[in-house]
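What follows is each chain in one-letter form.
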Amino acid sequence: MNKPEANTAWAMAESAKKLEPLESQRQAGWVYKDTPSSGVINSWMNAVHQWRVYLEQTGDAQEAHIEALEQYVAQLEVVLKHQVEEIQRHETWLEQIQASLESHPTQPAQAAPAKPAILTPLPGMSSSKWAGIERNNGRGPK
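Residues numbered from 1 in each chain as written. Predicted model: local features only at pLDDT ≥ 70, side-chain atom pairs only at ≥ 80, totals over all residues. Heavy atoms only, no water.

What should I look at first to understand the overall build of the chain in this one?
Of regular secondary structure, the chain possesses three helices and zero strands. Listed by position from the N terminus, the elements making up the chain come as α-α-α. A globule of 142 residues ought to have a C-alpha radius of gyration of about 14 Å, yet the chain, at 35 Å, is considerably larger. Carbon together with sulfur atoms contributes 59% to the accessible area of the chain, which is approximately 11800 Å² in total. The positive charge centre, built from 13 side chains, and the negative charge centre, built from 17, are 6 Å apart in the chain. (Helix = DSSP H or I, 4+ residues; strand = E, 2+ residues; numbered from the N terminus. Rg over C-alpha atoms; globule rule 2.2 N^0.38 Å. Areas by Shrake-Rupley, 256 points an atom, 1.4 Å probe, with all protein chains shown as cover. Lys, Arg positive; Asp, Glu negative; His and termini not counted. Charge placed at Lys NZ, Arg CZ, Asp CG, Glu CD.)

So, in structure tokens, the structure goes:
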């Protein structure tokens, strides 16, 4: 369903006659041959317009919130993909260790294959933070 394009603005002028019906009228509603006054109709149509404006503004705010959440989820997906790749690299490393141990069960312990280095920074990590990690691991400029 598309958003209606109808202009619902009604009795917007300060001088517009608007009259709320009595509570008893609200409870009973209109009866046969009962005619609401122009002030009551103006008040009702003005309230409809005010609700429409409110709901549109609320909907716009919710759409912006949903867009922000979608962007956050997209960023999380990038980080998760990176983490999965790192886990896969470490699994390969552990499989090499396991294969090494199984191929030499009776010999003295041999040096295990080197742990793989992190080759790329996490998505969103600042370059200065990554440079510090590289320095600490002996791979960057001192």
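On we go from here.
Quick question: what am I supposed to make of the pattern of salt bridges here?
One side chain can pair with another of opposite charge once the charged atoms of both are near each other. If you walk through the whole model with that rule in mind, you get four salt bridges. For Glu20, the salt bridge identified is with Arg26, shortest N-O distance 2.2 Å. Residues Glu85 and Lys81 are paired through a salt bridge, measuring 3.3 Å at the closest nitrogen-oxygen approach. You can see Glu85 and its partner Lys81 sitting in helix 2 (residues 38-103), four residues apart, about one turn around the helix. (Salt bridge = Lys/Arg side-chain N within 4 Å of Asp/Glu carboxyl O.)

How should I be thinking about helix 2 in this particular structure?
Think of an α-helix as turning once every 3.6 residues; residues three or four places apart then point the same way. The end-to-end C-alpha distance of helix 2 is 95 Å, a good match for the 98 Å that 66 residues give at a rise of 1.5 Å each. Residues of helix 2 that are buried include every one of Gly39, Val40, Asn42, Ser43, Asn46, His49, His82, Glu86, Trp93 and Ile97, and no others. (Expected span 1.5 Å × (residues − 1). Buried < 20%, exposed > 50% of the residue type's maximum accessible area, 1.4 Å probe, protein only.)

Looking at this structure, how should I read a nonpolar patch on the surface?
Where nonpolar side chains cluster on the molecular surface, the patch consists of Trp51, Tyr54 and Leu55 and spans about 380 Å² of accessible area. Its location among the elements puts Tyr54 in helix 2. Residue classification places Tyr54 among the partly exposed residues on the basis of a relative accessible area of 47%. (Patch = residues over 30% accessible without salt bridge, like charges linked within 9 Å, V, L, I, M, F, W, Y side chains within 5 Å.)

Which parts of the structure should I look at to understand a negative patch on the surface?
Residues Asp60, Glu63, Glu67 and Glu70 make up a contiguous surface patch of negative charge. Here Glu67 lies in helix 2. On the basis of relative accessibility, which here comes to 48%, the residue Glu67 falls in the partly exposed class.

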